[in-house]
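Chains, contacts and geometry: an overview
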Amino acid sequence: MNSAEIRQLFPILNQEVNGKPLVYLDSGATSQKPVQVIEALDKYYREYNSNVHRGVHTLGTKATDAFEGAREKARKFINAKSTQEIIFMRGTTTALNLVAHSFGTANLREGDEIVITPMEHHSNIIPWQQAAKRTGATLKYMPLQEDGTISLDDARKTITKNTKIVSVVHISNVLGVVNPVKEIAKIAHENGAVMVVDGAQSAPHMKVDVQDLDCDFFAFSGHKMCGPTGIGVLYGKKDLLENMEPIEFGGEMIDFVHDFESTWKELPWKFEAGTPIIAGAIGLGAAIDFLQEIGMDNIDAHDRRLGAYALDKMSRIEGMKIYGSTDPAKRTGIVTFNINDVHPHDVATVLDAEGVAVRAGHHCAQVLMRWLKASATARASMYLYNTEEDVDRLVDGLVKTKEYFSDVF
């Protein structure tokens, strides 16, 4: 794949920031959008904007076909068995909350265990904290190795016959580590637990096969994979979803409404109350088409190669602390770091003056920050439109940052 050519398909990247050509290294927070996605959204609003599933007129039929067509694209993208297993949601956070509130409340009791890891995003911690409070279940943390990776021996020790739910991030949004979720799912199932996977960082960057992973639930967001904001997917095994109750009620998700009782539509619509995210789903479908045309294996290889390049270049800067494994084979295109005696917000501010956009803060991972013994870090997250030249610009900016603060102090 030619990242320089791909970059030209992203209009926002062809600009200057603070007088410098933009280098966007914050795709872990949200990715940029190619013209194919922008045009798909524009076409929907210009040509066939209508509600779905409700009208028999031409615009309504066309919108419904596009909306449900996007569901089929999402099904193929993660290799789910059926579109009934694909629930459109606002994003990963909403999807994980649905699982914790609906499945968790119905299936957890006092004495049961929920197992997560310290590297989870807040959206995969707080819903389980709340589920534990509602049900009396115990929240347990699987320990991490010194380099921030997960040991399967530790997984076997932590997951017990009392464990009912295991919820693990596929790729850490801070450490960039790719977790062995397939193997963890096997351990969970051997103990009678269900496996939930936060795929927010993996679905954009690597081929995902939920049947091969044998996870019970998998959540991801459109905006991190070249799609619009406000749209995401919850995959769930059909038998589990059929036995779960919706947590939002209203139009669209009902079958019959009587005076004092109501019944729900079949999957997937019983979990999609109200007018769905029509434009978002259509945009997500366009993003999936775009990514698959490039090839997820190609994107995965590119991101890993660029991450390894950044790891090598950045580790040569004196005073640089890089978090996570130093083995490029264990991680993808995310490098989280600090420079001695320089606050990460100051690092990000100086880099921004050089036209380089990175993230600074706790990255919605305060539990992990405490484990790392850091209040905040800076993060460079790469994607298919980034190049080695972008990494070189980052490294040059970090050298300037270090020099600037050395002069100040």
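Structure shown above.
Residues numbered from 1 in each chain as written. Predicted model: local features only at pLDDT ≥ 70, side-chain atom pairs only at ≥ 80, totals over all residues. Heavy atoms only, no water.

Brief notes about the sheet that holds strand 13 (residues 320-323)
Stated formally: Whether two strands pair depends on DSSP finding at least two bridges between them. Secondary structure elements follow DSSP: runs of H or I no shorter than four residues count as helices, runs of E no shorter than two count as strands, and numbering proceeds from the N terminus. Note on geometry: axes are C-alpha line fits, over the in-contact stretch for helices, and angles between N-to-C directions span 0 to 180 degrees. The criterion used for residue contact is that any of the two residues' heavy atoms lie within 4.5 Å.
Across the sheet, four strands lie side by side as 13-14-17-16; this open sheet has antiparallel pairing. Where the open sheet ends on each side, the last strands, each with one partner, are strand 13 and strand 16 (359-361). Taking the axes of each pair of neighbouring strands and ignoring which way they run, one obtains an average angle of 30° across the sheet. In the packing of helix 12 (residues 344-353) onto the sheet, contacts are made with strand 14 (334-339), strand 16 and strand 17 (377-381), and the angle to strand 16 comes to roughly 160°.

Describing helix 3 (residues 58-78)
Put simply, the test is: One fewer than the residue count of a helix, multiplied by 1.5 Å, yields its expected span. Partly exposed describes any residue whose relative accessible area lies between the buried limit of under 20% and the exposed limit of over 50%, with all areas from a 1.4 Å probe on protein chains only and scaled to the type maximum.
Here helix 3 is 21 residues long and its end C-alpha atoms lie 31 Å apart, about the 30 Å a rise of 1.5 Å per residue gives. Among the residues of helix 3, Gly-60, Ala-63, Thr-64, Phe-67, Glu-68, Ala-70, Arg-71, Ala-74, Arg-75, Phe-77 and Ile-78 are the ones counted as buried. A positive backbone phi angle near 60° is found at Asn-79, which sits one or two residues after helix 3.

Points about unusual backbone geometry
Cis geometry marks the peptide bond from Leu-267 to Pro-268, where omega comes out at 0°. A positive phi angle, close to 55°, is found at Asn-18, a residue other than glycine. Mapping Asn-18 onto the fold places it in the loop between strand 1 (16-17) and strand 2 (20-21). The backbone phi angle of His-53 is positive, close to 70°, even though this residue is not glycine. Within the element layout of this structure, His-53 appears in the loop between helix 2 (35-47) and helix 3.

Some words on the side chain of His-302
With respect to the element layout, His-302 can be found in helix 11 (residues 296-315). Relative accessible area serves as the criterion here: at 4%, His-302 is assigned to the buried category. When near neighbours in sequence (up to four residues on either side) are disregarded, His-302 contacts Met-1, Ser-3, Tyr-383, Leu-384 and Asn-386.

Focus on the nonpolar core
Test applied: Buried residues of nine kinds, namely Ala, Val, Leu, Ile, Met, Phe, Trp, Tyr and Cys, make up a nonpolar core once their side-chain atoms join them within 4.5 Å.
In terms of nonpolar packing, the biggest core is built from 75 residues, with Phe-218, Leu-291 and Leu-384 touching the most fellow members. With eleven residues, the top contributor of residues to this core is helix 10 (residues 278-294). Beyond its immediate chain neighbours, meaning those up to four positions away, Leu-291 contacts Phe-77, Met-225, Cys-226, Met-296, Ile-299, Tyr-383 and Leu-384.

Comments concerning the packing of aromatic side chains
Working definition: an aromatic ring pair is given by the centre-to-centre distance plus the angle between the planes. Rule in force here: Aromatic pairs are defined between Phe, Tyr and Trp rings, using the six-membered ring for Trp, whenever the two ring centres lie within 6.5 Å; interplanar angles under 30 degrees are classed as stacked, those over 60 as edge-to-face, and all others as tilted.
All told, the structure shown has eleven aromatic pairs when counted by the stated rule. Ring geometry for Tyr-44 against Tyr-48: centres 5.2 Å apart, planes inclined by 80°, an arrangement best described as edge-to-face. Since its relative accessible area comes to 3%, Tyr-44 is described here as buried. Here a set of aromatic residues connected by ring pairs shows up, and it is made of Phe-10, Phe-290, Tyr-383 and Tyr-385.

Describing the packing of helix 2 against helix 10
Short version of the rule: Left-handed describes a crossing whose near helix is turned anticlockwise from the far helix by less than a right angle; the clockwise case is right-handed. Side-chain classes follow a simple rule in which Ala, Val, Leu, Ile, Met, Phe, Trp, Tyr, Cys and Pro form the nonpolar group, Asp, Glu, Lys and Arg form the charged group, and the remainder, Gly included, forms the polar group.
Between helix 2 and helix 10, whose axes approach to 8 Å, the crossing angle comes to 145°. Considering the relative orientation of helix 2 and helix 10, their crossing is right-handed. Across the interface between the two elements, Gln-36, Val-37, Ala-40, Leu-41, Tyr-44 and Tyr-45 of helix 2 pack against Ile-278, Ala-279, Ile-282, Gly-283, Ala-286, Ala-287 and Phe-290 of helix 10. Residue composition of the contact of helix 2 with helix 10, by class: eleven nonpolar, two polar and no charged.

Section: the environment of Ser-202
Along the polypeptide, Ser-202 turns up in the loop between strand 8 (194-198) and helix 8 (210-213). Taking the C-alpha atoms as reference points, Ser-202 and Val-335, separated by 133 residues in sequence, lie 15 Å from one another.

Thoughts on the pairing of strand 5 (residues 113-116)
Along any regular strand, the residues point their side chains to alternate faces of the sheet. As a reminder of what qualifies: We call a crossover right-handed when, viewed with the strands running away from us, the connection from the first strand over the helix to the second turns clockwise.
Burial along strand 5 is two-sided: the face carrying Glu-113 and Val-115 and the face carrying Ile-114 and Ile-116 are both buried. Of the crossover connections in this fold, the one passing from strand 5 over helix 5 (residues 126-135) to the parallel strand 6 (residues 138-141) is right-handed. Pairing geometry for strand 5 and strand 7 (residues 163-169), over three bridges, is parallel. Each residue of the ladder has a partner; that of Glu-113, found in strand 7, is Thr-163.

Some remarks on the sheet that holds strand 9 (residues 217-221)
Read across the sheet, seven strands follow the order 4-10-9-8-7-5-6 without closing on themselves; strand pairing throughout is mixed. The open sheet terminates on both sides in strands that have one partner only, identified here as strand 4 (86-89) and strand 6. Averaged over all adjacent pairs, the angle separating strand axes in this sheet is 20°, with direction ignored. Note that strand 7 and strand 8 share five bridges and pair parallel. The residue of strand 8 that forms the bridge with Val-166 is Met-195.

A word on the pattern of salt bridges
To be explicit about the condition: What makes a salt bridge here is a side-chain nitrogen of Lys or Arg within 4 Å of a carboxyl oxygen of Asp or Glu, nothing more.
Per the counting criterion, the structure on display carries 23 salt bridges. Residue Arg-54 is joined to Glu-252 by a salt bridge in which the shortest nitrogen-to-oxygen separation is 3.0 Å. Separated by 198 residues along the polypeptide, Arg-54 in the loop between helix 2 and helix 3 and Glu-252 in the loop between helix 9 (238-242) and strand 11 (254-257) bring together distant segments of the chain. Among the residues examined, Glu-252 registers a relative accessible area of 9% and is labelled buried. Across the pair Asp-289 and Lys-73 runs a salt bridge whose closest N-O atoms are separated by 2.7 Å. Pair noted here: Asp-289 is in helix 10 and Lys-73 is in helix 3, with a separation of 216 residues, a long-range link.

Things to note about the pairing of strand 6
Pairing analysis gives four bridges linking strand 5 to strand 6, with the strands arranged parallel. By the bridge assignment, Val-115 is partnered in strand 6 with Lys-140.

What about the packing of helix 4 (residues 92-107) against helix 5?
This is how it is decided: Under this scheme an angle from 65 to 115 degrees is roughly perpendicular, one under 35 degrees roughly parallel, and one over 145 degrees roughly antiparallel; angles in between are oblique.
Between helix 4 and helix 5, the shortest axis-to-axis distance is 9 Å and the interhelical angle comes to 20°. As the angle between them shows, helix 4 and helix 5 are arranged roughly parallel. Helix 5 is crossed by helix 4, and the crossing has right-handed handedness. Between helix 4 and helix 5, the contacting residues are Leu-96, Asn-97, Val-99, Ala-100, His-101, Gly-104 and Thr-105 on the first element and Pro-127, Trp-128, Ala-131, Arg-134 and Thr-135 on the second. Across the contact of helix 4 with helix 5, the residue classes tally to six nonpolar, five polar and one charged.

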